[in-house]
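Now for the letters of each chain:
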Amino acid sequence: MFQKLKKRWGVNNLNLVLIICTFAIGGSLCGKAGAKFLELTNLDKGILWWLAYILSVTILWPLFVLAISIPLGQFVFFKNYLKKVWERISGRHKATIQVAIFASGAGSNAQKIIDYFKMKTSVKIALIVCNNPAAGVIEIAKCEGIPYIIINNQQFFNGDHYLQLLKEHKISFIVLAGFLWKIPVSIINSFPNKIVNIHPALLPKFGGKGMYGNHVHQAIIDKKETESGITIHYVDEWYDHGKSICQITCPVEIDETAESLAKKIHLLEHQYYPKTIAALLKKLK
Ligand code: GRF
């Protein structure tokens, strides 16, 4: 049960304990406060008393839980949690945007994106698409309980088999996170300005076919560049070519290696990709 909650809320062991403590302390304090409040009303402990008690506890509970969450460092979690509960009960729940992540490798970016959107009601990572059965991202999909498909070269580049599948999963936005195959025109045309990619360099430099992973970082070091970074861009029918959405830079030190640069770039990607996607999705609504 605890494993399920950790996964669902995207939290670690310590946060889970602190969240449970917040629920317990907030809940019992609010129960006591509700009873104290009713002492002031002189109501007899009958049906009316219980109705008033339930009402006051319902009103006080979010306030108590939020107040307790602050010293326990769980305010952001509870702010999102209460927002979610409120959206559900008030019927203000906006249509959820279903997102597919296409990835071919370890999937560290995919994991960050999944974690970022876990507590958001308006966005759901609904599908992982991968071309490599041995990729780490498949394990992530299994672990997170997200449906995944392993695509086949022939079907991907010919016909509209996968386009249909994306439609069946009600996908309206595609995120490429280390996906090494070119996206077929049929998919690009069906998702205009709704497919984004992240590239581990400052495009238009160091992009194009074969420019992935450490090949990019090594090329940057060989060219004695003093700056690198990430580019988040829309996807068109050419590799690493679509309109740029944002670029974040970082310095390349004199003794930099492809590995050390890759680490720096990954940190930037993890920090900026999820929130850039969130900003784009907000505009879609
Ligand atoms: C990232 O560096 C990304 O920029 C590139 O592929 C890499 C994927 O890494 N397109 P990971 O699989 O998300 O760890």
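Look above for the structure.
Just so we're clear, the structure is a prediction, and the values are computed from it rather than from any experiment.

Thresholds, definitions, all that
Residues numbered from 1 in each chain as written. Predicted model: local features only at pLDDT ≥ 70, side-chain atom pairs only at ≥ 80, totals over all residues. Heavy atoms only, no water. Helix = DSSP H or I, 4+ residues; strand = E, 2+ residues; numbered from the N terminus. Buried < 20%, exposed > 50% of the residue type's maximum accessible area, 1.4 Å probe, protein only. Contact = heavy atoms within 4.5 Å. Axes fitted to C-alpha atoms, helices over the stretch in contact; angles between N-to-C directions. Left-handed = near helix turned anticlockwise from the far one by under 90°. Near = heavy atom within 4 Å. Polar contact = N/O pair within 3.5 Å; in protein donor to acceptor, adjacent residues only side chain to side chain. Areas by Shrake-Rupley, 256 points an atom, 1.4 Å probe, with all protein chains shown as cover. Nonpolar A, V, L, I, M, F, W, Y, C, P; charged D, E, K, R; others polar. Salt bridge = Lys/Arg side-chain N within 4 Å of Asp/Glu carboxyl O. Core = buried A, V, L, I, M, F, W, Y, C linked by side-chain atoms within 4.5 Å. Pairing = 2+ DSSP bridges. Phe/Tyr/Trp six-rings, centres within 6.5 Å; stacked < 30°, edge-to-face > 60°.

A. Local environment of the environment of threonine 226. Its location among the elements puts threonine 226 in the loop between α10 (213-222) and β6 (227-234). Residue threonine 226 is classed as exposed on the basis of its relative accessible area of 62%. The residues contacting threonine 226, other than those within four sequence positions of it, are Cys250, Pro251 and Val252.

B. Looking closely at α10. Residues of α10 that are buried: Val216, His217, Ala219, Ile220 and Ile221. Packing partners of the buried residues in α10 comprise β5 (195-199), β6 and α11 (258-284).

C. The arrangement of the packing of helix α2 (residues 13-39) against helix α4 (residues 75-90) in detail. Viewed as axis vectors pointing N to C, α2 and α4 meet at an angle of 60°, and their least axial separation amounts to 11 Å. Between α2 and α4 lies a crossing whose hand is right-handed. Listed contacts from α4 to Ile19, Thr22 and Phe23 of α2 are Phe77, Phe78 and Tyr81.

D. Inspection of the site of the ligand at higher detail. What surrounds the ligand is the set Gly105, Ala106, Gly107, Ser108, Asn109, Gly178, Ile198, His199, Pro200, His266 and Glu269. Interatomic distance of 3.1 Å between a side-chain N/O atom of histidine 266 and an oxygen atom of the ligand. Here an oxygen atom of the ligand sits 2.2 Å away from a polar atom, N or O, in the side chain of glutamate 269. If the ligand stood free it would expose 370 Å²; the protein chains cover 85% of that surface. Going through the elements one at a time, α5 (108-117), β5 and α11 are the ones with two or more residues in the shell around the ligand. Partitioning the shell around the ligand into residue classes produces three nonpolar, seven polar and one charged.

E. Quick look at the pattern of salt bridges. For the structure on display, the rule yields seven salt bridges. The residue aspartate 115 makes a salt bridge to lysine 118 at a minimum N-O spacing of 3.3 Å. By relative accessible area, aspartate 115 is classed as partly exposed at 32%. With its nearest N and O atoms 2.7 Å apart, the salt bridge here joins glutamate 256 to lysine 264. Here lysine 264 falls in the partly exposed class, since its relative accessible area comes to 24%. When salt bridges with common partners are traced through the structure, they connect Asp115, Lys118 and Glu144 into a single cluster.

F. Inspection of the nonpolar core at higher detail. Counting 43 residues, the largest nonpolar core has Ile101, Ile125, Phe173, Val175 and Tyr273 as the members making the most contacts within it. Counting residues per element, this core draws most heavily on α11, at eight residues. Once you skip the residues sitting within four places of it in the chain, phenylalanine 173 turns out to touch Ile97, Gln98, Val99, Ala100, Phe191, Asn193, Lys194, Val196, Ile277, Leu280, Leu281 and Leu284. Membership of the second largest hydrophobic core comes to 22 residues, among which are Ile149, Ile151, Ile188 and Val235.

G. Examining the sheet that holds strand β4 (residues 171-176) more closely. The seven strands are arranged β3-β2-β1-β4-β5-β6-β7 in an open sheet whose pairing can be described as mixed. Each of the sheet's edge strands pairs with one partner strand only, and the pair in question is β3 (148-150) and β7 (244-251). Across this sheet, the average inter-strand angle for adjacent strands is 20°, counted without regard to direction. Pairing of β6 with β7 involves seven bridges; the strand directions are antiparallel.

H. Local environment of the packing of aromatic side chains. For the structure shown, the criterion picks out 20 aromatic pairs. Arranged with centres 5.1 Å apart and planes meeting at 80°, the rings of phenylalanine 77 and phenylalanine 78 form a pair that is edge-to-face. We note that phenylalanine 77, like phenylalanine 78, is buried. Measuring from centroid to centroid gives 6.5 Å for phenylalanine 179 and tryptophan 181, while their planes differ by 65°, and the two rings are edge-to-face. Residue phenylalanine 179 is classed as buried on the basis of its relative accessible area of 8%.

I. Seen up close, unusual backbone geometry. Here the bond from leucine 203 into proline 204 is cis, since omega is 10°, no more than 30 degrees from zero. Mapped onto the fold, proline 204 is located in the loop between β5 and α10. A positive phi angle is found at phenylalanine 206, which is not glycine, with a value near 55°. Tracing the sequence through the fold places phenylalanine 206 in the loop between β5 and α10. For lysine 224, which is not a glycine, the phi torsion comes out positive at approximately 55°. Tracing the backbone through its elements, the reader meets lysine 224 in the loop between α10 and β6.

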